[in-house]
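# Chains, contacts and geometry: an overview
Residue-level listing of the chains:
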Amino acid sequence: MNDPVQHESLWRRWVVKPVVAQLKQGTTPSKIAQAIAFGVTAGVFPLLGTTTVLGLGLGVWLKLNQPVLQVFLQLVYPVQLATILLFMRAGESLFGAEHVPLSISMMMERFFTGPWQFMKDFGMIGLYGVVVWLLLAPVLIASVYFISRPFVEKLHEHIRLPHHDT
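Read on for an overview of the structure. Numbers given to residues run from 1 along each chain, matching the order in which its sequence is written. Residues qualify for local features only when their pLDDT is at least 70, as the model is predicted, and side-chain atom pairs are given and counted only at 80 or more; totals for whole chains, interfaces and linings, by contrast, use all residues. As a convention, hydrogens and water are excluded, and side-chain values are obtained from all of the structure's heavy atoms.

## Some details on the overall build of the protein chain
We count it as follows: Numbering of helices and strands runs from the N terminus; a helix is a DSSP stretch of H or I covering at least four residues, while a strand is a stretch of E covering at least two. For this measure, only C-alpha atoms enter the radius of gyration; the expected value for a globule follows 2.2 Å times N^0.38, where N is the number of residues. Each residue's exposure class comes from its accessible area (1.4 Å probe, protein chains only) as a fraction of the maximum for that residue type: buried when under 20%, exposed when over 50%, partly exposed otherwise. Two residues form a contact once any of their heavy atoms are found within 4.5 Å. Computed by Shrake-Rupley with a 1.4 Å probe, the accessible areas treat only the displayed protein chains as cover when residues are assessed. When charges are counted, Lys and Arg are positive and Asp and Glu negative, with His and the chain ends excluded. Taken as the charge centre is NZ of Lys, CZ of Arg, CG of Asp or CD of Glu, depending on the residue.
Of regular secondary structure, the protein chain possesses seven helices and zero strands. Moving toward the C terminus, one meets the helices and strands of the protein chain in the order α-α-α-α-α-α-α. For 166 residues, the compact-globule estimate of 2.2 N^0.38 gives 15 Å, and the C-alpha radius of gyration of the protein chain, at 20 Å, exceeds that figure by more than 25%. Counting over 166 residues, the protein chain shows a buried share of 37%. Taking the contacts inside the protein chain whose residues are at least 6 apart along the sequence as the reference set, 69% of them involve residues at least 24 apart. Carbon together with sulfur atoms contributes 68% to the accessible area of the protein chain, which is approximately 10,800 Å² in total. Distance from the positive charge centre (12 side chains) to the negative charge centre (9 side chains) of the protein chain: 7 Å.

What follows is the structure, given as structure tokens:
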């Protein structure tokens, strides 16, 4: 009579459960979708080490659901790493700036060697990346919102319906 131990997936534990918990507390699917959209968008902000504070600030300012926002902000961390250089290269092109040789490892090494010199060497390219992010953020927010909302609404319907064992 030993039942096999059921292990829930990481997706269910770290993504679905927090969303369900917020829905059960009365947060609307629309507000959850807004928090997802802003969390994803803040999560790909092109400056390492700033996304949590950015997400917290946006969440407080816009009265977004912080638990959901922070879950999705952290979830897209690999995407942030993959897009930092893309934002900076796009910024170079947008501003017609000289191409600066970059790599994440080289930039981190230079930062820890001397933060002030790092800011002098890479501050403008970081600013270029932020400008590109600011230009794309409204599109990303809208896209993620309209993609996630039907899924959250379906999840909401699922938890509102009584479950009958037959």
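## A short note on the packing of helix α1 (residues 10–24) against helix α7 (residues 115–160)
Test applied: Between N-to-C directions, angles cover 0 to 180 degrees, with each direction set by a line fitted to C-alpha atoms, over the stretch in contact for helices. Roughly parallel refers to an angle under 35 degrees, roughly antiparallel to one over 145, roughly perpendicular to one between 65 and 115, and oblique to any angle outside these ranges. Each crossing is labelled by how the near helix is turned from the far one, with a counterclockwise turn of less than a right angle marking it left-handed and a clockwise turn marking it right-handed. When residue character is reported, Ala, Val, Leu, Ile, Met, Phe, Trp, Tyr, Cys and Pro are called nonpolar, Asp, Glu, Lys and Arg charged, and the others, Gly included, polar.
At their nearest, the axes of α1 and α7 sit 10 Å apart, and the two run at 65° to each other. When the interaxial angle is binned, α1 and α7 end up roughly perpendicular. Relative to α7, α1 is oriented so that their crossing is right-handed. On the side of α1, the interface is formed by Val16, Val19, Val20, Leu23 and Lys24, while α7 contributes Val152, Leu155, His156 and Ile159. Split into classes, the residues belonging to the contact of α1 with α7 amount to seven nonpolar, one polar and one charged.

## Quick word on the nonpolar core
Rules: In this description, a nonpolar core means a group of buried Ala, Val, Leu, Ile, Met, Phe, Trp, Tyr and Cys residues linked to one another through side-chain atoms lying within 4.5 Å.
In this structure, Ile32, Ile36, Val68 and Phe72 are the most contacted members of the largest nonpolar core, which totals 29 residues. Residue assignment for this core shows that the elements contributing at least two residues are α1, α2 (29–43), α4 (66–75) and α7. Each residue touching Val68, except ones within four places of it in the same chain, is listed here: Pro18, Val19, Gln22, Ile32, Ala35 and Ile36. Membership of the second largest hydrophobic core comes to eight residues, among which are Met107, Phe118, Phe122 and Ile125.

## Focus on the packing of α2 against helix α3 (residues 51–62)
Between α2 and α3, whose axes approach to 9 Å, the crossing angle comes to 150°. Relative to α3, α2 is oriented roughly antiparallel. In this structure, the crossing between α2 and α3 has a hand that is right-handed. Contact residues: Lys31, Phe38, Ala42 and Gly43 in α2; Thr51, Leu54, Gly55, Leu58 and Leu62 in α3. Grouping the amino acids of the contact of α2 with α3 by side-chain chemistry returns five nonpolar, three polar and one charged.

## Overview of helix α5 (residues 77–95)
What counts is decided by this rule: By definition here, a helix of n residues has an expected span of 1.5 Å times n minus one. The angle separating two fitted axes, one through the seven residues that finish at a residue and one through the seven that start at it, defines the bend at that residue.
Taking 1.5 Å per residue as the helical rise, α5 with its 19 residues ought to reach 27 Å, and the 27 Å between its terminal C-alpha atoms agrees with that figure. A maximum bend of about 40° is found in α5 at Thr83. Turning to α5, its buried residues are Gln80, Thr83, Ile84, Phe87, Met88, Gly91 and Glu92. Two residues or fewer after α5 comes Gly96, characterised by a positive phi angle close to 65°.

Geometry only, nothing functional implied.
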